[in-house]
Amino acid sequence: MPAPNSTEAQKAAQKLWEKALALAAGELILHENQGRKPPGFWAQLKLKRAAKLLEQVVQLVPNHWNSMWVLGKTVQRLGNEPGAFEWFVKAWDKA
């Protein structure tokens with residue numbers, strides 16, 4: 001694993017970020033899709049995978065507040081409101 005914030009870490013984090021966003025696309029609770037039903041089995045699997053990828057991004061680039069915020073939205077969509085709030089606070093602290 002590359003050193004945090006190194007050029008290699010940033011490149012790896014960018015790839016993980018893009019994969020995570022692709023997995024979470026259309027599933028997160030944003031303005032245009034409020035009031036959605038809970039995610040189904042496959043959506044949960046995709047969201048859990050996206051969350052793991054985003055956690056890796058934060059390990060590689062600890063100040064990547066964007067990943068923390070999207071991770072909060074992902075955890076929120078999986079039904080963990082307290083966990084989502086923790087990620088939103090972390091993102092706020094880094095922004």
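Because the structure is a prediction, the values reported are computed rather than measured.

Scanning the chain from terminus to terminus reveals four helices and zero strands. For the chain, the succession of helices and strands along the chain, N to C, is α-α-α-α. Taking 95 residues into account, the globule formula puts the C-alpha radius of gyration at 12 Å, and the chain, at 13 Å, falls close to it. Along the first, second and third principal axes, the C-alpha set of the chain runs to 40 × 25 × 20 Å. By residue count, 38% of the 95 residues in the chain fall in the buried class. Residue pairs at least 24 apart in sequence account for 60% of intrachain contacts in the chain once pairs closer than 6 positions are excluded. Accessible surface computed for the chain: about 6,100 Å², of which carbon and sulfur atoms make up 57%.

One finds L54, L60, L71 and W87 to be the most contacted residues of the largest nonpolar core, which totals 23 residues. Contributions of two or more residues to this core are made by helix 1 (7-24), helix 2 (41-60), helix 3 (65-77) and helix 4 (81-94). Those residues in contact with L60, other than ones at most four positions away along the chain, are M1, P2, P4, N5, A9, A12, A13 and L16.

Taken together, the side chains of K11, K15, K19, K48, R49 and K52 make up a positively charged region of the molecular surface. At the level of elements, helix 1 and helix 2 are the ones that each hand at least two residues to the positive patch. A relative accessible area of 59% places K15 in the exposed class.

Put simply, helix 1 and helix 2 touch, their axes get as near as 8 Å, and they point 160° apart. As summarised for this structure, helix 1 and helix 2 are arranged roughly antiparallel, according to the angle between their axes. Crossing of helix 1 over helix 2 shows left-handed handedness. Where helix 1 abuts helix 2, its residues A9, A12, A13, L16, W17, K19, A20, L23 and A24 lie against K46, L47, R49, A50, L53, L54, Q56, V57 and L60. Tallied by class, residues from the contact of helix 1 with helix 2 come to 14 nonpolar, one polar and three charged.

Another aspect to go through is the packing of helix 3 against helix 4. The N-to-C vectors of helix 3 and helix 4 enclose an angle of 165°; their axes lie 8 Å apart at closest approach. The angle between helix 3 and helix 4 places the two elements in the roughly antiparallel class. Here helix 3 runs over helix 4; the crossing is left-handed. Taken together, the residues of helix 4 that come into contact with helix 3 (itself represented by W65, M68, W69, L71, G72, K73, V75 and Q76) are E81, G83, A84, W87, F88, K90, A91 and K94.

Reading the values: the criteria
- Residues numbered from 1 in each chain as written.
- Predicted model: local features only at pLDDT ≥ 70, side-chain atom pairs only at ≥ 80, totals over all residues.
- Heavy atoms only, no water.
- Helix = DSSP H or I, 4+ residues; strand = E, 2+ residues; numbered from the N terminus.
- Rg over C-alpha atoms; globule rule 2.2 N^0.38 Å.
- Buried < 20%, exposed > 50% of the residue type's maximum accessible area, 1.4 Å probe, protein only.
- Contact = heavy atoms within 4.5 Å.
- Areas by Shrake-Rupley, 256 points an atom, 1.4 Å probe, with all protein chains shown as cover.
- Core = buried A, V, L, I, M, F, W, Y, C linked by side-chain atoms within 4.5 Å.
- Patch = residues over 30% accessible without salt bridge, like charges linked within 9 Å, V, L, I, M, F, W, Y side chains within 5 Å.
- Salt bridge = Lys/Arg side-chain N within 4 Å of Asp/Glu carboxyl O.
- Lys, Arg positive; Asp, Glu negative; His and termini not counted.
- Charge placed at Lys NZ, Arg CZ, Asp CG, Glu CD.
- Axes fitted to C-alpha atoms, helices over the stretch in contact; angles between N-to-C directions.
- Parallel < 35°, antiparallel > 145°, perpendicular 65-115°, else oblique.
- Left-handed = near helix turned anticlockwise from the far one by under 90°.
- Nonpolar A, V, L, I, M, F, W, Y, C, P; charged D, E, K, R; others polar.

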